[in-house]
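Examination of the molecular architecture
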Amino acid sequence: MTNVLISGGGVAGTALAYWLRRHGFAVTVVERAPAPRLGGHTVDLRGAARDVVERMGLLQDARRVAVDSKGMSYVDATGRRVADMPASFLGGAGVVGEVEILRGDLIELLHGATGDGTEYVFDDTITEVTQTAEDVRVAFERSAPRVFDLVVGADGTHSLTRSLVFGPESRFRRDLGCYTAYFTARNVFGIQDWELFHNMPGQKLAALRPSRRPEEAKVLFGFASKPLAYDHRDQRRQKEIVAEVFAGAGWHVPAMLREMRAATDFYFDSATQIVMDGWSHGRVALLGDAGYSPSPLGGNGTGLALVGAYILAGELAAAEGDHTAAFAAYEREMRDFVRQNHQLPPGGVNGFVPKSRTAIRMRNLSIRLMPHLPWAGLIAKAMNRADAVTLKDYPYSRARA
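Quick look at the structure, then. (Residues numbered from 1 in each chain as written. Predicted model: local features only at pLDDT ≥ 70, side-chain atom pairs only at ≥ 80, totals over all residues. Heavy atoms only, no water.)

1. Side note on the overall build of the protein
A tally of regular secondary structure across the protein gives 15 helices and 18 strands. Looking at the protein residue by residue over its 401 residues, the buried ones come to 54%. Accessible surface for the protein amounts to roughly 17200 Å². Of this, 50% is attributable to carbon and sulfur atoms. (Helix = DSSP H or I, 4+ residues; strand = E, 2+ residues; numbered from the N terminus. Buried < 20%, exposed > 50% of the residue type's maximum accessible area, 1.4 Å probe, protein only. Areas by Shrake-Rupley, 256 points an atom, 1.4 Å probe, with all protein chains shown as cover.)

If you want it as structure tokens, here you go:
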């Protein structure tokens with residue numbers, strides 16, 4: 001039985017663990033966190049990713065715990081809604097997806113579905129990877145060294161697996177000139193079923209999103225900036241950066257900043273794409289953001305992770321563990337989907353955080369007009385690449401799914 005180590009217990013890692021176990025592989029997942037990471041914002045399940053979840057038998061469960069979002073609204077400094085994008089726009093193919101689920105709720109569903117046959121090693125991480133012709137020898141920070149047939153890095157944009165096997169992150173990183181921060185707050189804002197976005201001149205954005213729990217709200221900050229120097233482990237300094245950027249801002253921003261100080265799931269990072277010529281080296285492969293992060297601006301990182309896990313596991317099953325053939329087929333099947341999802345929505349960073357009041361007004365006007373334009377479907381397609389591939393294009397028989 002082929003023995004596979006997955007580094008990373010997020011969406012990509014747990015989805016891959018599910019499909020590998022279903023295909024008869026022995027699976028170990030190592031995760032740096034002491035337990036499954038259940039925080040995070042809402043993610044969309046749409047297109048091929050929704051089909052993958054349905055094939056897992058989890059779509060109804062996902063719908064049951066989905067966030068009730070009627071759409072997104074851009075608001076001015078007084079809170080007045082100036083442009084709406086309802087979830088019903090284009091039958092759920094617009095910016096707000098048909099099924100919006102908290103990332104932590106999705107991971108909980110995936111983790112539960114992997115079953116008792118999957119070994120999880122929490123509060124640990126790999127520190128060394130040594131390949132031979134027959135296996136991969138892995139050292140860990142806490143656990144004793146072990147030997148595996150294959151290793152898959154599903155450990156995010158700042159993948160340690162990628163650094164150990166493929167080289168430093170700087171070789172593959174494409175910064176987009178923007179930073180984002182996310183965290184959970186008490187719902188002192190009264191937000192209910194609409195996502196509220198407030199742009200400010202100087203390329204700044206503050207947003208509130210509903211949670212499945214009415215007493216909670218999800219907060220997003222975004223701003224354009226040249227590269228910033230900070231320690232990615234220094235959460236205190238990261239919160240200071242956000243507070244400095246948004247000092248003096250209106251709307252709900254002062255309360256959002258107060259909530260940020262107590263947030264325990266605070267996340268801050270640059271908007272970054274990972275671009276690589278190949279996602280495998282010998283017996284090691286990369287999955288999801290570790291190999292092809294589209295960045296928060298492009299979106300669909302969850303979709304790429306779910307579809308990638310499905311295809312990687314399917315190709316390994318079809319090749320009966322022959323990693324050379326399976327990894328090559330995985331890259332062929334995923335390459336175009338990844339390429340299309342690396343294309344940013346219209347406007348790129350300037351569409352996310354417009355530069356001036358005039359630019360903000362023009363963007364809002366385009367949102368108001370979009371449902372009435374004859375080419376609205378084309379615009380929505382450019383904004384959403386989740387449907388760039390459909391699972392009917394994938395040869396299921398080879399994957400035994």
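That covers the picture; the talk isn't over yet.
2. Some thoughts on the sheet that holds strand β8 (residues 126-131)
Overall, antiparallel pairing links the 3 strands, which are arranged β8-β9-β10 in an open sheet. The outermost strands of the open sheet, each flanked by one partner alone, are β8 and β10 (146-148). Across the sheet, the mean angle from the axis of one strand to that of its neighbour is 25 degrees, orientation sign disregarded. Where strand β9 (residues 136-140) and β10 come together, 3 bridges link them in antiparallel fashion. (Pairing = 2+ DSSP bridges. Axes fitted to C-alpha atoms, helices over the stretch in contact; angles between N-to-C directions.)

3. Topic: the nonpolar core
In terms of nonpolar packing, the biggest core is built from 73 residues, with I6, L16, L20, L287, L306 and M334 touching the most fellow members. Per-element tally for this core: the top contributor is helix α10 (residues 301-318), with 11 residues. The contacts of I6, once residues within four sequence positions are left out, are G13, L16, A17, L20, V27, T28, V29, V30, V152 and A154. Within the second largest apolar cluster, 29 residues are counted, among which are Y179, L196, M200 and V219. (Core = buried A, V, L, I, M, F, W, Y, C linked by side-chain atoms within 4.5 Å. Contact = heavy atoms within 4.5 Å.)

4. Some remarks on the pattern of salt bridges
Working definition: two side chains of opposite charge can pair if their charged atoms are close together. Enumeration according to the criterion identifies 23 salt bridges in this entry. The partner of E216 in a salt bridge is R213, and the shortest N-O contact between them spans 3.9 Å. For R213, a relative accessible area of 29% gives the class partly exposed. With its nearest N and O atoms 3.1 Å apart, the salt bridge here joins E244 to R237. (Salt bridge = Lys/Arg side-chain N within 4 Å of Asp/Glu carboxyl O.)

5. Considerations on unusual backbone geometry
The phi angle at Q203 is positive, at roughly 60 degrees, despite the residue not being glycine. Q203 gets classed as buried once you look at its relative accessible area, which sits at 14%.

6. Considering the side chain of N187
By secondary structure assignment, the location of N187 is in the loop between β12 (173-186) and β13 (194-200). Since its relative accessible area comes to 18%, N187 is described here as buried. Within the structure, N187 has its side chain in polar contact with the backbone nitrogen of G190 (distance 3.1 Å). (Polar contact = N/O pair within 3.5 Å; in protein donor to acceptor, adjacent residues only side chain to side chain.)

7. Some words on the packing of aromatic side chains
Scanning the model with the defined rule gives 16 aromatic pairs in all. An angle of 65 degrees between the planes, with centres 6.3 Å apart, marks the rings of Y179 and Y230 as edge-to-face. Taken together, the residues Y179 in strand β12 and Y230 in the loop between β15 (216-224) and α6 (235-245) connect sequence positions 51 residues apart. On the basis of relative accessibility, which here comes to 6%, the residue Y179 falls in the buried class. Geometrically, the ring pair formed by F183 and F221 is tilted, given 6.3 Å between the ring centres and 40 degrees between the ring planes. Residue F183 is found in strand β12, and its partner F221 is found in strand β15; the two are separated by 38 residues along the sequence. Taken as a pair, F183 and F221 share a single burial class, namely buried. Taken together, the ring pairs connect Y179, F183, F221, F223, Y230, F246, F266 and F268 into an aromatic cluster. Here the guanidinium or amino end of R81 rests over the ring plane of W194, the centre of that ring lying 4.3 Å away. The ring of W279 has R335 lying over it, and the distance from NZ or CZ to the ring centre is 4.0 Å. (Phe/Tyr/Trp six-rings, centres within 6.5 Å; stacked < 30°, edge-to-face > 60°. Lys NZ or Arg CZ within 6 Å of the ring centre and 35° of its normal.)

8. Observations concerning the sheet that holds strand β5 (residues 81-86)
With mixed pairing, 7 strands are arranged side by side in an open sheet as β5-β4-β13-β14-β15-β12-β16. A strand with exactly one partner marks an edge of an open sheet, and here the two such strands are β5 and β16 (267-274). Between one strand axis and the next, the sheet turns through 20 degrees on average, direction left out of account. Judged from the 5 bridges that link them, β13 and strand β14 (residues 204-210) form a sheet pairing that is antiparallel. If you follow M200 over to β14, its bridge partner there is K204. The strands touched by helix α13 (residues 357-369) are β4 (71-75), β5 and β13; relative to β5, the strand with the most contacts, the crossing angle is about 40 degrees.

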